[in-house]
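# Understanding the architecture of this molecule
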Amino acid sequence: MLTLADVVRALEGLYPPETAQSWDQVGLVSGDLEQPVSRIHFAVDPTLAVIEEARALGADLLVTHHPLLLRGVHSVATTTAKGASVTSLVVNDIALYVAHTNADVASPGVNDALADACGLGAVEPLAVVEGQPLGRVGMLPAPVSLSAFAQSLYAALPRAAGGIRVAGPAEASVQRVAVMGGAGDDMFGAARASGADVYVTADLRHHPVLEAREESRGGTPYVVDAGHWATESLWLAGAEQLLRDALAAGGRAGTTVDTHISTLRTDPWEFAVGAESPGGTP
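Read on for a plain summary of the structure. All values derive from a computational prediction rather than experimental measurement. (Residues numbered from 1 in each chain as written. Predicted model: local features only at pLDDT ≥ 70, side-chain atom pairs only at ≥ 80, totals over all residues. Heavy atoms only, no water.)

## Brief notes about the nonpolar core
Rules: Among the buried residues, those of types Ala, Val, Leu, Ile, Met, Phe, Trp, Tyr and Cys that are joined through side-chain atoms within 4.5 Å form a nonpolar core. For every residue, the accessible area (1.4 Å probe, protein chains only) is compared with the maximum for its type, and the residue is labelled buried under 20%, exposed over 50%, or partly exposed between those bounds. We call two residues in contact when some of their heavy atoms are within 4.5 Å.
The biggest cluster of nonpolar side chains holds 27 residues, and the ones touching the most others in it are Val7, Tyr15, Ile40, Leu61, Trp235 and Leu243. In this structure, Ile40 is in contact with Val7, Leu61, Val63, Leu243, Val257, Asp258, Thr259 and His260, ignoring residues within four places of it in sequence.

## Description of helix α8 (residues 206–215)
Heads up, the rule is: What counts as a helix is a DSSP run of H or I of at least four residues, what counts as a strand is a run of E of at least two, and both are numbered from the N terminus. The arc under discussion is defined with respect to the helix axis, by the directions toward the C-beta atoms.
Listed in full, the buried residues belonging to α8 are Pro208, Val209, Ala212 and Arg213. Along α8, the residues classed as buried sweep out an arc of 130 degrees about the axis, all on the same side. In α8, the exposed residues that point more than 90 degrees away from the buried face are His206, His207, Glu211 and Glu214. Buried residues along α8 sit in contact with β7 (165–167), α7 (188–193) and β10 (222–225). Arg217 lies just past α8 and shows a positive phi near 55 degrees.

## Some remarks on the layout of surface pockets
Put simply, the rule is: Cavity: a set of points on a 1 Å grid over the protein atoms alone where a 1.4 Å probe fits but cannot get out. Pocket: an open set with protein on both sides within 12 Å along at least five of seven lines, its lining residues, like those of a cavity, having an atom within 4 Å of a point. Grid points are joined across faces, edges and corners, and a volume is the space filled by probe spheres set on the points. Note that Gly is not counted as nonpolar here; it falls among the polar residues with everything else outside the nonpolar set of Ala, Val, Leu, Ile, Met, Phe, Trp, Tyr, Cys and Pro and the charged set of Asp, Glu, Lys and Arg.
Of the voids in this model, the second largest pocket is the one considered here, and its volume is about 250 Å³. For the second largest pocket, the full set of lining residues is Arg165, Val166, Ala167, Leu204, Arg205, His206, Val209, Leu210, Arg213, Val223, Val224 and Asp225. Classifying every residue of the lining of the second largest pocket by side-chain character gives seven nonpolar, one polar and four charged.

## Examining the sheet that holds strand β2 (residues 39–43)
Selection rule: For two strands to be treated as a pair, DSSP must find no fewer than two bridges joining them. To get an axis, a line is fitted to the C-alpha atoms, and for a helix only the part in contact is used. The angle between two axes follows their N-to-C directions and goes from 0 to 180 degrees.
Pairing is mixed across the open sheet formed by five strands, whose spatial order is β1-β4-β3-β2-β11. Only two strands of the sheet have a single neighbouring strand rather than two, namely β1 (27–30) and β11 (258–261). The mean inter-strand angle of the sheet, taken between neighbouring strand axes irrespective of direction, is 25 degrees. Where β2 meets β11, four bridges bridge the pair, whose relative direction is parallel. By the bridge assignment for β11, Phe42 is matched with Ile261. Packed on one face of the sheet, helix α1 (residues 4–14) meets β1, β2, β3 (61–64) and β4 (95–98) and runs near 10 degrees to β4. Contacting β2 and β11, helix α10 (residues 235–249) runs over the sheet at an angle of about 170 degrees to β11.

## A closer look at the packing of aromatic side chains
Put simply, the rule is: Each Phe, Tyr or Trp ring, with Trp reduced to its six-membered ring, pairs with another whose centre is within 6.5 Å; inter-plane angles below 30 degrees give stacked pairs, above 60 give edge-to-face pairs, and intermediate values give tilted ones.
In the structure shown here, the tally under the stated rule is two aromatic pairs. Seen from their ring centres, Tyr15 and Trp235 are 5.7 Å apart, and the 65 degrees between their planes marks the pair as edge-to-face. On the criterion of sequence distance, the pair formed by Tyr15 in the loop between α1 and β1 and Trp235 in helix α10 is long-range, its members being 220 residues apart. Accessibility classification places Tyr15 together with Trp235 in one group, the buried group. Between the aromatic rings of Phe188 and Tyr199, the centroid separation amounts to 5.6 Å while the plane-to-plane angle is 80 degrees, which identifies the pairing as edge-to-face. Of this pair, Phe188 sits in helix α7 while Tyr199 sits in strand β9 (residues 198–202); the two residues are 11 residues apart in sequence, bridging distant segments of the chain. Overall, the relative accessible area of 0% leaves Tyr199 in the buried class.

## Quick look at the packing of α1 against α10
Here is the rule: For any helix crossing, the convention is left-handed if the near helix is rotated counterclockwise from the far helix by under a right angle, and right-handed if that rotation is clockwise.
With their axes 9 Å apart at the nearest point, α1 and α10 run at an angle of 115 degrees to one another. As for how α1 packs across α10, the hand of that crossing is right-handed. Here Asp6, Val7, Ala10, Leu11 and Leu14 of α1 lie close against α10, whose contacting residues are Leu242, Leu243, Ala246 and Leu247. Grouping the constituent residues of the contact of α1 with α10 by class yields eight nonpolar, no polar and one charged.

## Quick look at the sheet that holds strand β6 (residues 132–145)
An order of β5-β6-β8-β9-β10-β7 is seen for the six strands of this open sheet, with the pairing classed as mixed. Two strands in the sheet have a free side with no partner beyond their single neighbour: β5 (121–129) and β7. The mean angle between the axes of side-by-side strands here comes to 25 degrees, regardless of whether they run parallel or antiparallel. Direction of pairing for β6 relative to strand β8 (residues 173–183): antiparallel, over a ladder of six bridges. Note on β8: the bridge partner recorded for Gly138 is Val177. Its contacts with the sheet place helix α5 (residues 110–118) against β5, β6, β8 and β9, and it is angled at close to 145 degrees to β8.

## A few points about the pattern of salt bridges
Here is the rule we go by: Salt bridge criterion: a side-chain nitrogen from Lys or Arg within 4 Å of a carboxyl oxygen from Asp or Glu.
Tallying each qualifying case throughout the model produces eight salt bridges. Note that Arg39 is salt-bridged to Asp258, the shortest N-O span being 3.5 Å. One end of the pair, Arg39, is in strand β2; the other, Asp258, is in strand β11, with 219 residues separating them in the sequence. A residue is classified by how much of its surface remains accessible, and Arg39, at 32% relative accessible area, is partly exposed. Judged by its relative accessible area of 34%, Asp258 falls in the partly exposed class. Residues Arg176 and Glu124 are paired through a salt bridge, measuring 3.1 Å at the closest nitrogen-oxygen approach. Taken as a pair, Arg176 in strand β8 and Glu124 in strand β5 lie far apart in primary sequence, 52 residues in all. Given a relative accessible area of 18%, Arg176 falls into the buried group. For Glu124, a relative accessible area of 37% translates into the label partly exposed.

Set out below in structure tokens:
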């Protein structure tokens, strides 16, 4: 019988914990290594709704990208959302495993999935941080306008209320593209140094973007904020298949274990009001 230890071993082969950034919290969060695993559920976030979705599906293991316990907690009482999440996992015998920045740097991993969605070739690491290849940079097959690139990326991403925000002239020509799934406003320098025409990331705040655009004097790299959940959810399908393949290659029940990808959109934004381009550009 497939055990949690078997699955953890396969996951750690795909996303070694030692490749995570020093501030991160990855690996097994809950569960008994000897417990059997017949159903695995994948999601970006371990929210209460996702945990309930996993329970309803009869999952034994929930694999998420984002940590449940990234920062310290002093209570897991059900009076808090974190406590209720931990309690639900334990009471329903659902193990939780997190692959976060170790999945970002993996190849294939989160950033490769985003590079694929952008249509990039000749892909290489954007930067090396703590000895690990973070982000990706590559080339479109041919130059396109910034507006056309943003429209193509929008079509490749799952829908989210925030859509895509773009800093740069719509008619500008772009071909070399840097990407960093999730929050990436600390990588503007790397994007500029890479010679990218446009940098795709998420969670962008006013001051870092304004300062980056000032440094570029209005030129490249232009900036695309494509949404945190949207840019990272692309990883799930590939992770699901890689894990199935790894379990099968290890002589375990990789071809018979049930796997599911969450259908819940855990992007916290529900709708947007009045989004409009100042110059009327679509």
